[in-house]
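Here is what each chain is made of, one letter per residue.
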Amino acid sequence: MSNGPEDILDALIESAINAGRYASGLVGQIVKILKQLEKELVEAIGASIARAKKERRELRAMLKETRKTIQDAYAEVIKEAGKSLAVFGKLEIKNTQAAINVALGIDAKKLGIPEVTAKALAEKVQVLGTPAEKYWHKQAEATRKRFEAVVQKGIIEARTTAEIAREVRGTPEAPGIIEASKREAEALARTAVQSVANEARQKTYEANADLITGYMHLSTLDNRTTPICMARSGAEWDAQLRPIPPNDKPYEVPPLHFNCRSVIIPVLKSFAELAGEDAPSTGEKEATQERLFREKLTAKLRKQGLTERQIANELAGKRAAMNGQAPRNVTFDQWLRGKSEKFQNDLLGPKRAALWRAGKITLADLTNQRDRPLTLKELEELIEKRASRKK
């Protein structure tokens, strides 16, 4: 039997964790590009720094060449991130539709968002209100400035070629200039993934507005949670996005800051709301409400061109046990402890799950999935697997 609020909660928390794992995979691709950039910059120093020390024009020529090297590397980052996020956005739409499907016992794909909207969402990624591409260009400029500062300082201080190269490359005790670039890139990539994921969910909710009565903000509560997200966890809004007391905060779709991990959970309508005013107030209330709801849904699916056999297949054996209530506002730890050991192992990996059950790793460790990255193909397989296990 399906339980609308809990099914939505399960699907979207699991989705948020897998989005973090996908982000780790994307970060890995970007770091690979930046490592190659580091190698090329060090090679440029080895090839040109001796001449640059003697002649100013040689220094200008070298810096001009390395500027292009940096620009080319970040152009590749922008291309790879854009291509990957475009596919990820479509997968997240599919995943959100599947979550609504499971909770209601219908096929939300018939009520999904237009392809043109999905394409625009993926192609125009916004991070905290600014195009992601603009942030990448800023990071390229910051990398250029750091590199040129090291080179010019090295020449002024008469350092050897090896010493200047070492400062660019870094050591365990003193990280190089690309280390800072990697950290900046990771924060941006993770936040861009969350931007696409949350916007994809929101667009799917809006396309299914007749099934939704409100929204709830759910934060990942651990020792890395910011005061912004702590204050919003459990906050609710109605279908018109008006705050529901005691919440007085305006509705905002996460991310609310860099590395934000919060999600918005939809509150599905009750049977009475979905069935309409004909639902009785006494007697066989729940069964009648469900019948009316399914009659209403059947009429909608007929209008969409489904055959009677297709409609029957959609509804067969499914029951949406909904009461119009918001899902529980739980911490990640509480939510996961309510799951089976197999579920915990599948989600975290057997070794990590065992350490968590033994109390040897923290909540922050649980939500940091750097060592378990997901490719887009693996993410798609997980979405398919989750949808099939609920049928």
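Residues numbered from 1 in each chain as written. Predicted model: local features only at pLDDT ≥ 70, side-chain atom pairs only at ≥ 80, totals over all residues. Heavy atoms only, no water.

## A few points about the overall build of the protein chain
A tally of helices and strands in the protein chain yields 15 helices and seven strands. Looking at the 391 residues of the protein chain, the share that counts as buried comes to 50%. Restricting the contact set of the protein chain to residue pairs at least 6 apart, pairs at least 24 apart contribute 75%. (Helix = DSSP H or I, 4+ residues; strand = E, 2+ residues; numbered from the N terminus. Buried < 20%, exposed > 50% of the residue type's maximum accessible area, 1.4 Å probe, protein only. Contact = heavy atoms within 4.5 Å.)

## Considering helix H12 (residues 341-348)
When we look at burial in H12, the residues that qualify are Phe343, Gln344, Asn345, Leu347 and Leu348. Among the residues trailing H12, Gly349 stands out with phi positive, at a value near 95°.

## Considering the environment of Lys90
By secondary structure assignment, the location of Lys90 is in helix H2 (residues 56-104). Judged by relative accessible area, which is 42%, Lys90 ranks as partly exposed. Separated by 110 residues in sequence, Lys90 and Ala200 place their C-alpha atoms 7.7 Å apart.

## So, the pairing of strand E4 (residues 212-218)
Most of E4 is tucked away: six of the seven residues are buried. Taken together, the six bridges between E4 and strand E6 (residues 263-268) define a ladder with antiparallel strand orientation. In the sheet register, Ile212 faces E6, and the bridge partner there is Leu268. Relative to strand E5 (residues 236-238), E4 runs antiparallel, the two sharing three bridges. From the neighbouring strand, Gly214 faces E5, where its bridge partner is Asp238. (Pairing = 2+ DSSP bridges.)

## A short note on unusual backbone geometry
Peptide bonds are trans in most cases, and residues, glycine excluded, mostly fall at negative phi. The amide bond that connects Pro245 to the next residue, Pro246, takes the cis arrangement and shows omega of 10°. Along the polypeptide, Pro246 turns up in the loop between E5 and E6. Even without being a glycine, Leu128 presents a positive backbone phi close to 50°. By the secondary structure assignment, Leu128 is in the loop between strand E2 (126-127) and strand E3 (130-131). The backbone phi angle of Ala158 is positive, close to 55°, even though this residue is not glycine. Counting through the fold element by element, Ala158 comes out in the loop between helix H4 (132-156) and helix H5 (161-169).

## Considering the pattern of salt bridges
Scanning all chains against the criterion turns up 16 salt bridges. Two residues, Glu92 and Arg201, come together in a salt bridge whose shortest N-O distance is 3.2 Å. One end of the pair, Glu92, is in helix H2; the other, Arg201, is in helix H6 (residues 177-207), with 109 residues separating them in the sequence. Its relative accessible area of 3% is what places Glu92 among the buried residues. We note a salt bridge from Asp238 to Arg242, for which the minimum N-O separation is 2.7 Å. (Salt bridge = Lys/Arg side-chain N within 4 Å of Asp/Glu carboxyl O.)

## Structural notes on the sheet that holds E5
Read across the open sheet, the three strands follow the order E5-E4-E6; overall the sheet is antiparallel. Here the strands that pair on one side only, and so sit at the sheet edges, are E5 and E6. This sheet shows a mean twist of 25° between the axes of neighbouring strands, independent of strand direction. Against the sheet, H6 engages E4 and E6, with an angle of about 15° to E6. (Axes fitted to C-alpha atoms, helices over the stretch in contact; angles between N-to-C directions.)

## A look at the packing of aromatic side chains
Within this structure, the stated rule accounts for five aromatic pairs. A ring pair is formed by Tyr205 and Tyr215, whose centres lie 5.9 Å apart and whose planes are at 40°; its orientation type is tilted. Note that Tyr205 is positioned in helix H6 and Tyr215 in strand E4, a separation of ten residues in sequence. Considered together, Tyr205 and Tyr215 belong to a single accessibility category, that of buried residues. In textbook terms, an aromatic cluster arises when at least three aromatic residues are bridged by ring pairs, as seen for Tyr205, Tyr215, Trp237 and Tyr251. (Phe/Tyr/Trp six-rings, centres within 6.5 Å; stacked < 30°, edge-to-face > 60°.)

## With respect to H5
Restricting attention to buried positions, one finds in H5 the residues Ile164, Ala165 and Val168. Down the axis of H5, the sector holding all buried residues measures 100°, keeping them to one side. In the stretch just after H5, Gly170 is the one whose phi turns positive, near 90°. (Arc of directions from axis to C-beta.)

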